[in-house]
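Given next are the chains, with one letter for each unit.
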Amino acid sequence: MSTLDEIRDGIPDYAKDLKLNLGAVLATTGAPGLSDRQIWMIAMATAIASRNDRFAHQIQALAANVLDPPALAAAKAAAAIMGMNNVYYRFTHLVEDGEYRTMPARLRMNVLGNPGVDKADFELISLAVSAVNGCGMCVNSHDAVLKKHAVSREAIQSAVRIAAVIHAVAGVLAFEAAA
């Protein structure tokens, strides 16, 4: 198992800002409005969405120190369902033929009804994954739901900052591993 410091030590000097940011956003002091549990669920889901298997497993090992099995499962479920939804809804948003938006998706999304964690937390995770996957329609939808749940803009911003840093670190580490 890697420690966070070992992961940060593996980030090359050209990406030293990522080293600093990774340590910051994965702590409550650097992620205002979020609990440790929320931070690590978001980190886990966005690591999966960033498609660097080795890094995602390192994050999972670290997250397991904070998350109980239902929270870890919810993070994985959010990454899975948003991996599907973000592609589908990004298509309906981008395609010029607006009729697609009126058609039923016909995709199973049962986990949305019972994610195993607080629905606002699942929405927060889903928003972060949607940001990584670049689905503006999903980002807007999750943002609106989070505001209805009285989640602060500061917490939402923190979730997206975690997603941004995790995604960037995953990319740099994948590039370096391929060298």
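These lines cover the structure that appears in this document, whether it is placed above or below. (Residues numbered from 1 in each chain as written. Predicted model: local features only at pLDDT ≥ 70, side-chain atom pairs only at ≥ 80, totals over all residues. Heavy atoms only, no water.)

## Regarding the pattern of salt bridges
Part 1 of the reasoning: Tallying each qualifying case throughout the model produces five salt bridges.
Part 2 of the reasoning: One continuous salt-bridge network, built from bridges that share partners, spans Arg37, Asp68 and Asp121. (Salt bridge = Lys/Arg side-chain N within 4 Å of Asp/Glu carboxyl O.)

## Overview of unusual backbone geometry
Part 1 of the reasoning: In the Ramachandran plot, arginine 106 falls in the positive-phi region, its phi being about 55° despite a non-glycine side chain.
Part 2 of the reasoning: Tracing the backbone shows arginine 106 in the loop between helix H5 (69–94) and helix H6 (119–133).
Part 3 of the reasoning: One non-glycine residue, alanine 150, lies in the positive phi region at around 65°.
Part 4 of the reasoning: Relative to the assigned elements, alanine 150 resides in the loop between helix H7 (136–148) and helix H8 (153–178).
Part 5 of the reasoning: Judged by its relative accessible area of 69%, alanine 150 falls in the exposed class. (Helix = DSSP H or I, 4+ residues; strand = E, 2+ residues; numbered from the N terminus. Buried < 20%, exposed > 50% of the residue type's maximum accessible area, 1.4 Å probe, protein only.)

## Examining helix H2 (residues 16–25)
Part 1 of the reasoning: For H2, the complete set of buried residues consists of Leu18, Lys19, Leu22 and Val25. Projection of H2 onto a plane perpendicular to its axis shows the buried side chains occupying an angular sector of 150°, all on one side. Exposed residues pointing more than 90 degrees away from the buried face of H2 are listed as Lys16, Asp17 and Leu20. (Arc of directions from axis to C-beta.)

## Overview of the environment of isoleucine 81
Part 1 of the reasoning: Examined against the element boundaries, isoleucine 81 turns out to sit in helix H5.
Part 2 of the reasoning: Judged by relative accessible area, which is 9%, isoleucine 81 ranks as buried.
Part 3 of the reasoning: Sequence separation between isoleucine 81 and serine 126 is 45 residues; the distance between their C-alpha atoms is 8.5 Å.

## Side note on helix H4 (residues 53–63)
Part 1 of the reasoning: Listed in full, the buried residues belonging to H4 are Phe55, Ala56, Gln58, Ile59, Leu62 and Ala63. Buried residues in H4, looked at end-on, bunch into an arc of 160°, giving them a common side. Across from the buried face of H4, at angles greater than 90 degrees, the exposed residues are Asp53, Arg54 and His57.
Part 2 of the reasoning: Buried residues along H4 sit in contact with helix H1 (4–9), helix H3 (36–49), H5 and H8. (Contact = heavy atoms within 4.5 Å.)

## A short note on the packing of aromatic side chains
Part 1 of the reasoning: Under the definition given, this model contains two aromatic pairs.
Part 2 of the reasoning: Taken together, a centroid distance of 5.0 Å and an interplanar angle of 90° make the contact between tyrosine 88 and tyrosine 89 edge-to-face.
Part 3 of the reasoning: Since its relative accessible area comes to 21%, tyrosine 88 is described here as partly exposed. (Phe/Tyr/Trp six-rings, centres within 6.5 Å; stacked < 30°, edge-to-face > 60°.)

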